[in-house]
Amino acid sequence: RHAYGTLNALPDGWQVALDARADVIDPARVLQLWPEAVGTKTRDWLSENLISAKIKDADFALRIAPGARPRVYLGMDYEEGSARFLKNLPPVTQARGHASLDGTRLVVSLDEGVVEAGEGGAVKVERSAFIIPDITVKGGAPAVVRLNARGPVTAALWTLDQPPMAVMRRAGLPVTLGEGEAVASGTISFPLKRGSGGDVKFDVTADLLNLSTSRLIKGRTLKAAEMKVVASTNSVEISGPGSLDGVPFEGRWQQPIGAGAADSTLRGTAQITPRA
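Residues numbered from 1 in each chain as written. Predicted model: local features only at pLDDT ≥ 70, side-chain atom pairs only at ≥ 80, totals over all residues. Heavy atoms only, no water.

1. So, the overall build of the protein
In terms of helices and strands, the protein carries 4 helices and 14 strands. The C-alpha atoms of the protein give 24 Å as radius of gyration, which overshoots the globular expectation for 276 residues (19 Å, by more than 25%). Reported as C-alpha extents along the three principal axes, the dimensions of the protein are approximately 90 × 35 × 25 Å. Taken over 276 residues, the protein has a buried fraction of 42%. Sequence separation of 24 or more characterises 47% of the internal contacts of the protein that already satisfy a separation of 6 or more. Here the protein displays about 15,000 Å² of accessible surface, and carbon together with sulfur accounts for 52% of that area. (Helix = DSSP H or I, 4+ residues; strand = E, 2+ residues; numbered from the N terminus. Rg over C-alpha atoms; globule rule 2.2 N^0.38 Å. Buried < 20%, exposed > 50% of the residue type's maximum accessible area, 1.4 Å probe, protein only. Contact = heavy atoms within 4.5 Å. Areas by Shrake-Rupley, 256 points an atom, 1.4 Å probe, with all protein chains shown as cover.)

2. Considerations on the pattern of salt bridges
Per the stated rule, a full pass over the model turns up 14 salt bridges. Among the ionic pairs, R71 bridges to D102, the shortest N-O distance being 2.8 Å. Of this pair, R71 sits in strand β4 (residues 71-83) while D102 is found in strand β5 (residues 92-102), placing the two residues 31 residues apart along the sequence. You can call D102 partly exposed: its relative accessible area is 37%. Bridged by salt links that share partners, the residues R21, D57 and D59 form one connected network. (Salt bridge = Lys/Arg side-chain N within 4 Å of Asp/Glu carboxyl O.)

3. Remarks on the side chain of E237
Along the chain, the position of E237 falls in strand β12 (residues 235-244). Side chain to side chain, E237 and R252 meet in a polar contact 2.4 Å long. (Polar contact = N/O pair within 3.5 Å; in protein donor to acceptor, adjacent residues only side chain to side chain.)

4. Some thoughts on helix α3 (residues 153-160)
Counting buried positions over the 8 residues of α3 gives 8, a clear majority of the element. What α3 keeps buried is the set V153, T154, A155, A156, L157, W158, T159 and L160.

5. Some words on the environment of Q162
On the secondary structure map, Q162 appears in the loop between α3 and α4 (167-171). What makes Q162 buried here is its relative accessible area of 10%. Residues Q162 and V108, spaced 54 residues apart in sequence, show a C-alpha to C-alpha distance of 22 Å. Look past the residues within four positions of Q162 in its chain and what remains in contact with it is N88, L89 and R169. Among the polar contacts made by the side chain of Q162, one reaches the main-chain carbonyl oxygen of W158 at a distance of 2.8 Å.

6. Quick notes on the nonpolar core
In this structure, I55, F130, I132, V167, I188, F190 and V236 are the most contacted members of the largest nonpolar core, which totals 69 residues. Top contributing element to this core by residue count: α3, with 6 residues. In this structure V167 touches L160, D161, F202, A231 and V236, once residues within four positions along its chain are discounted. (Core = buried A, V, L, I, M, F, W, Y, C linked by side-chain atoms within 4.5 Å.)

7. Re the pairing of strand β10 (residues 201-213)
As paired elements, strand β9 (residues 179-191) and β10 share 10 bridges and run antiparallel to each other. Each bridged residue has a counterpart across the sheet, and for V183 the counterpart in β10 is D207. By the bridge criterion, 10 bridges tie β10 to strand β11 (residues 222-232) in an arrangement that is antiparallel. Bridging across to β11, L211 finds its partner in A224. (Pairing = 2+ DSSP bridges.)

8. A closer look at the pairing of β11
Alignment of β11 against β12, held across 6 bridges, turns out to be antiparallel. From the neighbouring strand, K228 faces β12, where its bridge partner is S239. Hairpin geometry of β11 and β12 is characterised by an intervening segment of 2 residues between the two adjacent antiparallel strands.

9. Topic: unusual backbone geometry
What is expected of a backbone is that most residues other than glycine have negative phi and most peptide bonds are trans. Phi at Q94 takes a positive value of approximately 55°, unusual for a residue other than glycine. In this fold, Q94 is placed in strand β5. Owing to a relative accessible area of 58%, Q94 belongs among the exposed residues under this scheme.

10. Some remarks on the side chain of N148
For N148, the position within the fold is in strand β8 (residues 142-152). A distance of 2.9 Å separates a polar atom in the side chain of N148 from the backbone oxygen of R127. Discounting chain neighbours no more than four positions away, the residues touching N148 are K124, V125, E126, R127, S128, A184 and S185.

11. Some details on the environment of P174
Relative to the elements of secondary structure, P174 occurs in the loop between α4 and β9. Here P174 falls in the partly exposed class, since its relative accessible area comes to 22%. In the structure, P174 is positioned 17 residues away from L157 in sequence and 8.5 Å away in space, judged by C-alpha atoms. Once you skip the residues sitting within four places of it in the chain, P174 turns out to touch M168 and R215.

Shown next, in the form of structure tokens:
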């Protein structure tokens, strides 16, 4: 570990330039060094949700000039991490990536990690990020999760069904919809304040691969090489080609969600043959 800097007394105030670097450092020590006057609520949120990590190649810089807001930069790589991004979701474990605080923008990027779903197995997360565009916002800084994940259909749908998203229960569908693999991507946005569940917005798209289910349409077996699920704050939709008891079809099922939502709709085409 080493640090160096300059301190100048100018006619209108202090000018400070401080740089520091550590090859290895503990997360608790990083939070101790975090300036108390900078992004207090963001610092508290990280303290509560960053469970553990092995941090290396940490860089810190502080610039202070007369008449200007102090500017802080903090960058670090992490591995063997465990962190919670949403209150009701299990933490991401075995996490590896990079984190940086550049002025008022905080970004925690995730190269890879694992979420152990409460049902259906593990969801692998990669190329994802947690972002606070401006940590100085009063009343709960807005945060964004950019998500790319892959896992068994049940595990992926269980994750989407946790509060405050609750996609499947709002649509009246079970998380044990069928067998197959889900590849999902999307964004989740929410303010960093307590009791903000109703303020969560999300827009997630998932490809269901090699899907087989007898629960989507009662008494019928539906199979598809690939179907698409689009879930947002306002609706959930399942669409694509497949077969129903061996009869080929292509269709789209849509269900509005939320207070006062209308009934679901199903539109599609199928071959009318003796077999159908």
